[in-house]
Amino acid sequence: MDTSKGKSRSSRRDFLKSAGAIVVGFSWSAPGVLAQQAALPRLPGGLNNNRMLDAWLRINPDGRVTIFTGKCELGQGILTALAQIASDELDVAYERIEMVSADTARTPNEGVTAGSLSVENSGTALRYACAEARQILLERAAARLGVGADRLTVADGTITGGSGKATYAELAKETSLKREATARAKPKAPSQHKVIGKSMPRRDIPSKVTGGVSYVQDMRLPGMVFGRVVRPASYRAQLVSFDEGAIKAMPGVVAVVRDGNFIAVAAGREEQAIKAAQALRASAKWRETADLPPPPPALFEHLQGMPTQDKVVSEKVPAAPTGGRVTTLEATYTRPYQSHGSIGPSCAVAQFKDGKYTVWTHSQGVFPLRVDLAKVLRVPQSAITCTHVEGSGCYGHNGADDVACDAALVARATHGRPVKLQWMRDDEFSWEPYGSAMVIKMRVRLDVDGRIVDWRHDVWSHPHSTRPTAGGGGNLLAGWHLAQPVEQIMVTKRPPSPPNQAERNATPLYDFPGQRVVLHYITDMPIRTSALRTLGAYSNVFALESFMDEAAAAANVDPVEFRLRHMKEPRARAVIETCAQKAGWQPRPKGDGTHGRGFAFAQYKNTACYVAVVADVEVDRRSGKVRVARAVSAVDA
């Protein structure tokens, strides 16, 4: 690739191939709403931002209970877990709990499903909301039956006391849950749980393993047509021309859409849409601008030379040296841009009818997506409904939000017929947001006793979240390509390093007398980057734990013993010790050159689950093939 200024560069697909990109498998509220909420008593979990009880549950006339959550099922099983929570708190059979999730027309706004926070936030909200609803129904039953509430019992939604009984369905007609939650009703103690903690059949699994309709990719609506979008070969390319007449004349084509640099087709059958898109791509002429960074290894020097906003993440000044020999070690760790490599390319279904948009999407944040869609489509948010449908592969900011925007733009041209628009695999690899490339430089000083006296960690990184969000501008790809573009929310307009992104897990949990962790936040994005599993922790933990091994080797100390020398936190020590003990760890085992053992420790976000792992690894010296023969893990959640 020629990277000299002013010369043409290869396409994004060619760049990614040459760059060796690796393919790997918050709550949001408007500022005004946040100001209002700040003046109110704080409620637990997601209840704080969605304070009405009927936003969370409904008692149906047939006795079933509908639970509403703003969180999405992404394959992690949360709809099963949240149904278990509701079942226990309400004393209603698990089978009679219905779940409605992530729908801007029906559910509470719980922002983005990310950060392993669904059970913590939505689950906590449901515990308190269901406990309060149960108390309200008990008080109503006590008045009807003439029995003190403390003398009533509940079994599967039926309250019994004295010689009478009443069902939740009957009582719901006499009282309303349309009231603000107080969180004064105490949820049940763990000893009272009958469903939580039990292995229950996953609600999302059956159709996935039987070939049923599981994903947005499986959706079929009456009169539905199929769409494909054609992207330019680079971010800033300008569309010069294309043969619109020839595309319209192709079999099955019902619409050819052009708005500025955005071009797409819709056809009656999917293979017709694919053929039309291929012809459209072949006829499109673009005027391009060189804008790609060099591939590795030059990429990593390039990143360190880019403008940055620097932030000291953590710092402890070591005591004055007392003499003796000090050993200094240095190492650099790098990570290239990474693709999500989702099992299925991003997809959405959209319909524009009677001036309103309905979008079925596997976005992880339907409410923030609606905000940005309104900017691109230039309509009020009330004219858009976004409903979550699972997608075949996610866990991070892939193309789900962007393809939803594509589908909505094409739906404007199909006269009320729904459009299913799916990206092709090359669209996904070329245009989804990537996990940021990173450079991490480490330096450590060891005293004569083999202890770390000073630890330095410098990380260079792009942002790790450019999801749709509040504020000016927008973060939907097609919005930047329209004749009237929506301004991209630039990194330079954000505060230096949104917390817990690039610097996640950069601060060591080990206890060092001196340490300095600095984030060099790169304020330009030659490649669009956003969230991919664990954000910056993916690289920071790898660098930190690898460097601990290097320091242990330099000190001639066993890696497990070396970690324990520098760890005071009791729970962390227990996880490290338990893992080593269960794995049968032996200091300095004699190796034969083909077998080895590795040890690593981390705490999720430095605030949540502790984990340590021992891996037994085998290497075939002739083929170079590496195999993990056994892994033992200790977890404290």
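What counts, and at which threshold
Residues numbered from 1 in each chain as written. Predicted model: local features only at pLDDT ≥ 70, side-chain atom pairs only at ≥ 80, totals over all residues. Heavy atoms only, no water. Helix = DSSP H or I, 4+ residues; strand = E, 2+ residues; numbered from the N terminus. Expected span 1.5 Å × (residues − 1). Buried < 20%, exposed > 50% of the residue type's maximum accessible area, 1.4 Å probe, protein only. Contact = heavy atoms within 4.5 Å. Arc of directions from axis to C-beta. Polar contact = N/O pair within 3.5 Å; in protein donor to acceptor, adjacent residues only side chain to side chain. Pairing = 2+ DSSP bridges. Axes fitted to C-alpha atoms, helices over the stretch in contact; angles between N-to-C directions. Parallel < 35°, antiparallel > 145°, perpendicular 65-115°, else oblique. Left-handed = near helix turned anticlockwise from the far one by under 90°. Nonpolar A, V, L, I, M, F, W, Y, C, P; charged D, E, K, R; others polar. Lys, Arg positive; Asp, Glu negative; His and termini not counted. Salt bridge = Lys/Arg side-chain N within 4 Å of Asp/Glu carboxyl O. Phe/Tyr/Trp six-rings, centres within 6.5 Å; stacked < 30°, edge-to-face > 60°. Lys NZ or Arg CZ within 6 Å of the ring centre and 35° of its normal. Core = buried A, V, L, I, M, F, W, Y, C linked by side-chain atoms within 4.5 Å. Right-handed = clockwise from strand over helix to strand, strands pointing away.

Colleague: For this particular structure, what's the right way to read helix 3 (residues 78–90)?
Modeller: Because the α-helix completes a turn every 3.6 residues, residues three or four places apart line up on one side. With 13 residues, helix 3 should cover 18 Å at 1.5 Å per step; its first-to-last C-alpha distance of 18 Å lies within 8% of that length. The buried count for helix 3 comes to 12 of 13 residues, which makes it a mostly enclosed element. Of all the positions in helix 3, only I78, L79, T80, L82, A83, Q84, I85, A86, S87, D88, E89 and L90 are classed as buried. Buried residues belonging to helix 3 abut strand 2 (57–59), strand 3 (65–69), strand 4 (97–101), helix 4 (118–145), strand 5 (153–155) and helix 5 (168–172).

Colleague: How should I be thinking about helix 15 (residues 570–583) in this particular structure?
Modeller: Along its 14 residues, helix 15 runs 20 Å from first to last C-alpha, staying within 8% of the 20 Å computed at 1.5 Å per residue. All of the buried residues in helix 15 are A572, V575, I576, C579, A580 and A583. Down the axis of helix 15, the buried set is contained in an arc of 120°. They therefore lie on one face. Of the exposed residues in helix 15, those oriented more than 90 degrees away from the buried face are P570, Q581 and K582. Where helix 15 begins, one side-chain oxygen reaches toward the backbone nitrogen of R571, 3.0 Å away; that side chain belongs to E569. Backbone geometry just downstream of helix 15 places G584 in the positive-phi region, at approximately 70°.

Colleague: Just to check I follow, could you spell out the pairing of strand 23 (residues 595–603) for this structure?
Modeller: For a regular strand, side-chain orientation follows a simple rule: the groups alternate between the two sheet faces. Judged from the nine bridges that link them, strand 23 and strand 24 (residues 610–619) form a sheet pairing that is antiparallel. Bridged to R597 within strand 24 is D616. Counted along the chain from strand 23 to the antiparallel partner strand 24, the turn is six residues long, and its residue K605 has a positive phi close to 60°.

Colleague: It is not clear to me how the packing of helix 10 (residues 366–377) against helix 11 (residues 400–411) should be interpreted in this structure. Could you clarify?
Modeller: Helix-helix packing is described using two parameters, namely the angle between the two axes and the distance between the axes. Close contact between helix 10 and helix 11 brings their axes to 11 Å; oriented N to C, the two are set at 40°. Classified by the angle their axes make, helix 10 and helix 11 are oblique. Handedness of the crossing formed by helix 10 with helix 11: right-handed. Residues L369, L373, V376 and L377 of helix 10 form the contact with helix 11, whose own contacting residues are D401, A404, C405, A408 and L409. Its residues assigned to classes, the contact of helix 10 with helix 11 shows eight nonpolar, no polar and one charged.

Colleague: Help me understand the side chain of K420 in this model?
Modeller: Mapped onto the fold, K420 is located in strand 19 (residues 419–422). No salt bridge is formed by the buried K420; the nearest opposite charge belongs to E270, separated by 4.4 Å. Separated by 2.8 Å, the side chain of K420 and the backbone oxygen of Q217 make a polar contact. Look past the residues within four positions of K420 in its chain and what remains in contact with it is V216, Q217, M219, R220, M224, V225, F226, G227, E270, C347, A348 and V349.

Colleague: What should I look at first to understand the packing of aromatic side chains in this one?
Modeller: Given two aromatic rings, one states the distance between the centres and the angle between the planes to describe the pair. Across all of its chains, the model carries eight aromatic pairs by this definition. Site record: aromatic cluster; members linked through ring pairs are W455, Y510, F512, F547 and F601. Just above the ring of Y94 sits the side chain of R203; from NZ or CZ to the centre is 4.5 Å.

Colleague: Looking at this model, I keep getting lost on the sheet that holds strand 20 (residues 438–446). Mind explaining?
Modeller: Sheet strands line up and pair through hydrogen bonds in the backbone, either parallel or antiparallel. Here we have five strands laid out as an open sheet, ordered 13-22-21-20-14, and mixed in their pairing. One side of each edge strand has no neighbouring strand; the edge strands of this open sheet are strand 13 (308–316) and strand 14 (327–335). Here the average twist between neighbouring strands, direction ignored, is 10°. Bridge count between strand 20 and strand 21 (residues 452–461): nine bridges; the pairing is antiparallel. Residue R445 lies in a different strand from strand 21, and its bridge partner there is D454. Strand contacts of helix 13 (residues 537–555): strand 14, strand 20 and strand 21, with the helix running at about 150° to strand 14, the strand carrying the most contacts.

Colleague: What am I meant to see in the environment of D636 here?
Modeller: Mapped onto the elements, D636 comes out in strand 25 (residues 626–636). Discounting residues that sit within four places of it in the chain, D636 has contacts with R571, V575, C609 and Y610. Side chain to side chain, D636 and R571 meet in a polar contact 2.9 Å long.

Colleague: Please explain the nonpolar core as it appears in this structure.
Modeller: When a protein is soluble and globular, its nonpolar side chains tend to lie buried together. The biggest cluster of nonpolar side chains holds 54 residues, and the ones touching the most others in it are F262, L303, L373, L409, V410 and L421. Ranked by residues supplied to this core, first place goes to helix 11 with eight residues. Apart from the residues lying within four places of it in its own chain, the contact partners of F262 are V229, R231, V257, D406, L409, V410, A478, H481 and L482. Judged by nonpolar contacts, the second largest core, of 41 residues, contains I440, Y521, F547 and A583.

Colleague: Before we go on, may I ask you to explain the pairing of strand 17 (residues 356–361) in this structure?
Modeller: Relative to strand 17, strand 16 (residues 347–353) is paired through six bridges, and the arrangement is antiparallel. Following the sheet pairing, A348 is matched in strand 17 by T361. As paired elements, strand 17 and strand 18 (residues 384–388) share five bridges and run parallel to each other. When the sheet's bridge partners are listed, W360 is paired in strand 18 with T387. For the segment spanning strand 17, helix 10 and strand 18, crossover handedness is right-handed.

Colleague: Can you help me understand unusual backbone geometry in this one?
Modeller: Across residues other than glycine, the phi torsion is negative in most instances, and most of the peptide bonds are trans. In this model, P296 is joined to P297 through a cis peptide bond whose omega is 5°. In this structure, P297 sits in the loop between strand 12 (285–287) and helix 9 (298–304). Non-glycine residue R378 carries a positive phi angle of around 60°. In this structure, R378 sits in the loop between helix 10 and strand 18.

Colleague: Can you walk me through the sheet that holds strand 23 in this structure?
Modeller: A sheet is described by the order of its strands in space; here three strands give the open sequence 23-24-25, paired in antiparallel fashion. Edge positions in the sheet fall to strand 23 and strand 25, since each of these pairs with one other strand and no more. Within the sheet, the average angular offset between the axes of one strand and its neighbour, ignoring direction, is 15°. Of the strand pairs in this sheet, strand 24 and strand 25 are connected by 10 bridges, and their pairing is antiparallel. Bridging across to strand 25, V611 finds its partner in V635. Strands strand 23, strand 24 and strand 25 of the sheet are contacted by helix 15, whose axis makes an angle of about 140° with strand 25.

Colleague: Just to check I follow, could you spell out the pattern of salt bridges for this structure?
Modeller: Close approach of charged atoms lets side chains of opposite charge pair. Tallying each qualifying case throughout the model produces 35 salt bridges. In this structure, D54 and K178 form a salt bridge, with 3.8 Å as the shortest nitrogen-oxygen distance. In this pair, D54 is assigned in the loop between helix 2 (31–38) and strand 2 and K178 in the loop between helix 5 and helix 6 (206–210), connecting sequence segments 124 residues apart. By relative accessible area, which is 62% here, K178 ends up exposed. Two residues, E170 and R144, come together in a salt bridge whose shortest N-O distance is 3.5 Å. Residue E170 is located in helix 5, and its partner R144 is located in helix 4; the two are separated by 26 residues in the primary sequence. Sharing partners across several salt bridges, the network here consists of R140, R144, E170 and E174.

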